[in-house]
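Observations on the three-dimensional arrangement
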Amino acid sequence: MERRLVVLVAGLLAWSAAACGGDEPVRQVRIQLVSVDNDLAFPSRVEDEMNAVAITAFRGADILWTRTERYTGNPASLKLPKLPFGEDIQLIVEARRGNTTLASGATPRLSLTSSSPLSIVNLPILEQGVFTRGFFAEDEFDRQPLRLGVARAAATMTPVHGGAAYVVVGGAAASGASAGLGGTPFSAAVDVVEMHDAEFGDMVPIYEGPDCGAREPLRLFTPRIFHTTTALPDGRLVIAGGFAVRGGQWEATDSVEVLTFDSRDRFCATLVELEEGLFRPRAFHTATLMADASRPANRTRLLFVGGAGGRLTADGASLTPDSVRRVEEIRIPVRANAGLEVEETDLNLTFPRFLHSAHFVPERQLGVILVGGLSRSGNALTFEERVLSLYEDTGDWTLIDEGAFEEPSGDVRVRRYGHGSQLFRPLIGARPGALPTLVVAGGFSGFGEGGTLFAAGQTAATVDTIGVFLDAGFEIEFLERVDLPEAHRSGFGALLPLSLAGGFLYAGGIGADGGVRREAATLAVSRNGEVEIEAIGGGLGQPRAFMSAMELSSFLHLIVGGWSGTAALADTEYYNGAAYQNRRLVP
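Quick caveat: nothing in here was measured; it's all calculated off a predicted structure. (Residues numbered from 1 in each chain as written. Predicted model: local features only at pLDDT ≥ 70, side-chain atom pairs only at ≥ 80, totals over all residues. Heavy atoms only, no water.)

A closer look at the sheet that holds strand E48 (residues 572–575)
Within a beta sheet, neighbouring strands are joined by backbone hydrogen bonds and run either parallel or antiparallel to one another. The sheet built from four strands is open, its strands ordered E8-E48-E47-E46 with antiparallel pairing. The sheet is open, and its two edges are formed by strand E8 (131–133) and strand E46 (548–553), each paired on a single side. Looking at each pair of strands side by side, their axes are set apart by 25° on average, direction ignored. For E46 and strand E47 (residues 556–560), the ladder comprises five bridges, and the chain directions are antiparallel. Paired with methionine 550 across the two strands is leucine 558, which belongs to E47. (Pairing = 2+ DSSP bridges. Helix = DSSP H or I, 4+ residues; strand = E, 2+ residues; numbered from the N terminus. Axes fitted to C-alpha atoms, helices over the stretch in contact; angles between N-to-C directions.)

Dropping the structure here:
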């Protein structure tokens, strides 16, 4: 017999007329709980054990209210009070036995208006601390696998529409470890642009043109891999650089494309390729949006730093980081949808690098931190260990002044590339005005015999936390270095925030033996930079590297595509970190 829970949220979707004293009725959105098991509101292994359902409304880390009801086997008996539903407000439903959470689901960070066509939001209700195959509810009866329309690895996945959707751009078809172009795993670039719609829970194509025209899928002018995709404040996406196929080889490109969504239909968009792209072809670079809400909009910049030109081969012999030593930028116009232009700056990298990571630190007018990466010395690839900072010390928000690119005091070193890094800002217990901590995990730390760019042979053995300080200048120093269990040491894995927990999820990647990993672990980080590592039993459902991943909601993460070691992947999976997050969030 079919059983499911349907919750009517009589919410203020745009703080509707009813909230302002108007007579217009408040719109209703149906929240439908779905599980990986067909026809059940809760997973079958959980339903027989659960005796209560807890429903909580969050705004960020703040709990608006919590309601707990006995569960007697009849989902339809559960009721909700009215919920003011808007951007960054989430509804969380938990199946419990006593104080133990067995399964949970959370709505996306909805940002709906009274004109939104949405009437149903699907909440995947998942067991705790395990990876589950990705799925969506196609209609009232079926659970369909959630898959990319085109299998791809090394794509980007970028939030749009206020976090209600995630656009997948570029990537490559892939085969065996050395069976692709130039001895790499990558054989052809993907041109179709897709979108995961978090509110419906489905993967859909983006259609070309205003009003979607002839319903043709949107395609890149220059299909590419190892590029960057950045969302601008006005909602546009800037797709820059990467490697494209030229003459049967992967060559760095200077192409820049701009994706603009149709204001009347979020599934329609146009692509324009700038006549003047990057000044120098580059891939393996970073694109950092320097946008600070406390600063005037006319000081927003998109900064392209580092990378490599040349041809991509497995040994990296033709990559030229020196050719893109110069930093380039786009100054973002205040007026929405105004023209964009790439400009050169006066800034040259002291230590050119690629396959590094970069982070914008707006607190106290700081700047950009670069971590790790590779460089070149003669014919050999070398590690750029120095953590570098680009900062502003003139009171002007240009950040591009001559000589502003400095080594931090303390000579902090992180020897790795193909790693993951994230800024950590604790939601609970943070000191007022505290600066963030940088968490660095995974990556390759050395080349073994026969090592290649994508399977170097020596994996980084630690998770590092790095403190950011402001004394006489912008200073960075190590806080802690913790050993990763050997099974979790990999490059080109995924590091994702567990936003309510004060921690991260690290999963997948390529091990020291060249094999693709499925192992995963949670990294709990304290406000002092201390780290606790806990393995996740079973790990990913599918070994994968070069995947795209995103936090869909406070308790739900989506892993998309990637490379299995033999082929590009189209399948997806979820991770539910709710049990871990509750353990950290509730005193």
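Comments concerning the side chain of threonine 222
Tracing the sequence through the fold places threonine 222 in the loop between strand E17 (207–208) and strand E18 (228–231). When sequence neighbours within four positions are dropped, the list of residues in contact with threonine 222 reads Ala244, Arg246, Thr253, Ser255, Glu257 and Glu273. (Contact = heavy atoms within 4.5 Å.)

Structural notes on the confidence of the model for the protein
For the protein, per-residue confidence averages 82 on the pLDDT scale, and 80% of positions sit at 70 or higher. Per-residue pLDDT, averaged within each element of the protein, yields its smallest value for strand E1 (residues 6–9) (49) and its largest for strand E19 (residues 237–240) (98). In the model, residues 8–26 has pLDDT below 50 throughout and makes 39 contacts with residues more than four positions away in sequence or in other chains. Every residue in residues 393–405 scores below 50 in pLDDT, and together they form 35 contacts with partners more than four places removed in sequence or on other chains. (pLDDT = per-residue confidence, 0-100.)

Focus: the nonpolar core
Membership of the largest hydrophobic core comes to 33 residues, with the highest contact counts inside it found for Phe186, Phe243, Phe284, Leu453 and Phe546. Those elements giving two or more residues to this core turn out to be strand E13 (172–174), strand E21 (249–252) and strand E33 (380–383). With residues near it in sequence (within four places) discarded, phenylalanine 186 still touches Ala153, Ala154, Ala172, Ala173, Ala174, Gly180, Leu181, Ile225, Phe226, Trp250, Phe454 and Phe546. Formed by 20 residues, the second largest nonpolar core is a distinct cluster that contains Val34, Leu148, Ala155 and Leu552. (Core = buried A, V, L, I, M, F, W, Y, C linked by side-chain atoms within 4.5 Å. Buried < 20%, exposed > 50% of the residue type's maximum accessible area, 1.4 Å probe, protein only.)

Overview of the pattern of salt bridges
A full pass over the atoms with the stated rule returns 23 salt bridges. Glutamate 257 is paired through a salt bridge with arginine 224; the nearest N and O atoms lie 2.7 Å apart. With glutamate 257 in strand E22 (residues 256–262) and arginine 224 in the loop between E17 and E18, this pair connects stretches of sequence that are 33 residues apart. Note that arginine 301 is salt-bridged to glutamate 329, the shortest N-O span being 2.9 Å. Taken together, the residues arginine 301 in strand E25 (residues 301–305) and glutamate 329 in strand E28 (residues 326–331) connect sequence positions 28 residues apart. If you follow the salt bridges from partner to partner, you end up with Arg280, Arg282, Glu328 and Glu344 in one network. (Salt bridge = Lys/Arg side-chain N within 4 Å of Asp/Glu carboxyl O.)

Here we look at the environment of tyrosine 575
Summarising the element assignment, tyrosine 575 is placed in strand E48. According to the relative accessible area criterion, tyrosine 575 is buried, its value standing at 2%. Along the backbone, tyrosine 575 and leucine 558 are 17 residues apart, and their C-alpha atoms lie at a distance of 6.6 Å.

Some thoughts on the sheet that holds strand E45 (residues 531–535)
In spatial order, the strands read E42-E43-E44-E45; together these four strands make up an open sheet with antiparallel pairing. Only two strands of the sheet have a single neighbouring strand rather than two, namely strand E42 (494–498) and E45. With direction set aside, neighbouring strand axes in the sheet form an average angle of 25°. Bridge count between strand E44 (residues 520–525) and E45: five bridges; the pairing is antiparallel. When the sheet's bridge partners are listed, valine 525 is paired in E45 with valine 531.

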